[in-house]
Amino acid sequence: MIGQFLRENKVVAGIMVILRLYLGWAWLSSGVGKVTGGFHAGGFLESAVTNPVMKGEEVLYPVYVTFLESVAIPYADLFSLVVAWGEILVGLGLITGILTSAAAFFGVAMNMSFLFAGTISTNPLLILISIFIMAAGANAGRFGGDRWVLPYLRRQLLRKREDLHVKIEQREGLLQK
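This structure is a prediction, so every number in the text was calculated from the model and none was measured.

Quick notes on the rules
- Residues numbered from 1 in each chain as written.
- Predicted model: local features only at pLDDT ≥ 70, side-chain atom pairs only at ≥ 80, totals over all residues.
- Heavy atoms only, no water.
- Patch = residues over 30% accessible without salt bridge, like charges linked within 9 Å, V, L, I, M, F, W, Y side chains within 5 Å.
- Areas by Shrake-Rupley, 256 points an atom, 1.4 Å probe, with all protein chains shown as cover.
- Salt bridge = Lys/Arg side-chain N within 4 Å of Asp/Glu carboxyl O.
- Lys, Arg positive; Asp, Glu negative; His and termini not counted.
- Charge placed at Lys NZ, Arg CZ, Asp CG, Glu CD.
- Helix = DSSP H or I, 4+ residues; strand = E, 2+ residues; numbered from the N terminus.
- Polar contact = N/O pair within 3.5 Å; in protein donor to acceptor, adjacent residues only side chain to side chain.
- Contact = heavy atoms within 4.5 Å.
- Buried < 20%, exposed > 50% of the residue type's maximum accessible area, 1.4 Å probe, protein only.
- Expected span 1.5 Å × (residues − 1).
- Axes fitted to C-alpha atoms, helices over the stretch in contact; angles between N-to-C directions.
- Left-handed = near helix turned anticlockwise from the far one by under 90°.
- Nonpolar A, V, L, I, M, F, W, Y, C, P; charged D, E, K, R; others polar.

Taken together, the side chains of Arg155, Arg159, Lys160, Lys167 and Arg171 present a region of like positive charge at the surface. Along the chain, Arg155 turns up in helix α8 (residues 146–176).

Below you can see the structure in the form of structure tokens.
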């Protein structure tokens, strides 16, 4: 009932525009600041490993720390680019309302990474807003680019699916002969 309301109501779609713009601006401005400010994730990653989130004497997220040590830190230059440009792309997706749910999802993934590293900041608020945007689905982008992009993508995917079925039928026909 609530899900249907979030996914279909035009007033909710209008509210989603406000939430999308707020969230999108937060991501876009952060990403632009990183790209233009010479951001490098190495220090943050090292700090997350040397000062992990603890519960008493126990590391709370050992798998995350291992991931940082084994993958993120050795490729810190690449991670710096991915974080900075990822923030920009998430922001643009939310502001324009194009692939809105995907942008919100990837924003949550970045927020969760920051939380696993022990950075609280505005991450819980951004996650909460993102949850509403994802729950609203296509309605969150109703007054945005998703109005045109999602139907186009659906048509393209259906066309490719139909082409695949035709090829399978042709192949089965050849096998039966």
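To continue, consider the side chain of Thr100. With respect to the helices and strands, Thr100 occurs in helix α6 (residues 100–116). Within the local environment of Thr100, its side chain forms a polar contact with the backbone oxygen of Gly97, the two atoms lying 3.2 Å apart. Other than its neighbours up to four places away in sequence, Thr100 contacts Arg20, Gly93, Leu94, Ile133, Ala140, Gly141 and Asp146.

Inspection of every chain in the model, using the stated rule, returns 1 salt bridge. Between Glu87 and Lys34 there is a salt bridge, with its nearest N and O atoms 3.2 Å apart. One end of the pair, Glu87, is in helix α5 (residues 76–96); the other, Lys34, is in helix α2 (residues 10–36), and 53 residues separate them in sequence. Residue Glu87 is classed as buried on the basis of its relative accessible area, which comes to 1%.

On the surface, a cluster of nonpolar side chains totalling about 460 Å² of accessible area is made up of Phe67, Val71, Tyr75, Leu78 and Val82. Those elements that place two or more of their residues in the nonpolar patch are α4 (62–72) and α5. With respect to the helices and strands, the residue Leu78 is situated in helix α5.

Judged by its relative accessible area of 19%, Lys34 falls in the buried class. In this structure the C-alpha to C-alpha distance between Lys34 and Pro151, which are 117 residues apart in sequence, comes to 34 Å. With residues near it in sequence (within four places) discarded, Lys34 still touches Phe39, Val83, Ala84 and Glu87. Only 3.2 Å separates the side chain of Lys34 from the side chain of Glu87, close enough to count as a polar contact.

So, on to helix α7 (residues 123–136). Because the α-helix completes a turn every 3.6 residues, residues three or four places apart line up on one side. Under the 1.5 Å per step criterion, the end-to-end length of α7 is 20 Å for 14 residues, consistent within 8% with the ideal 20 Å. Within α7, burial applies to Asn123, Leu126, Ile127, Ile129, Ser130, Ile133 and Ala136. On its buried face, α7 sits against α1 (2–8), α2, α5 and α6.

Two numbers describe how α5 lies on α6: the axes approach to 8 Å, and their chain directions differ by 140 degrees. α5 and α6 meet at a crossing whose hand is left-handed. Two secondary-structure elements touch here, α5 through Val83, Gly86, Glu87, Val90, Gly93 and Leu94 and α6 through Thr100, Ala103, Ala104, Phe106, Gly107, Met110 and Phe114. Looking at the contact of α5 with α6, its residues break down into 8 nonpolar, 4 polar and 1 charged.

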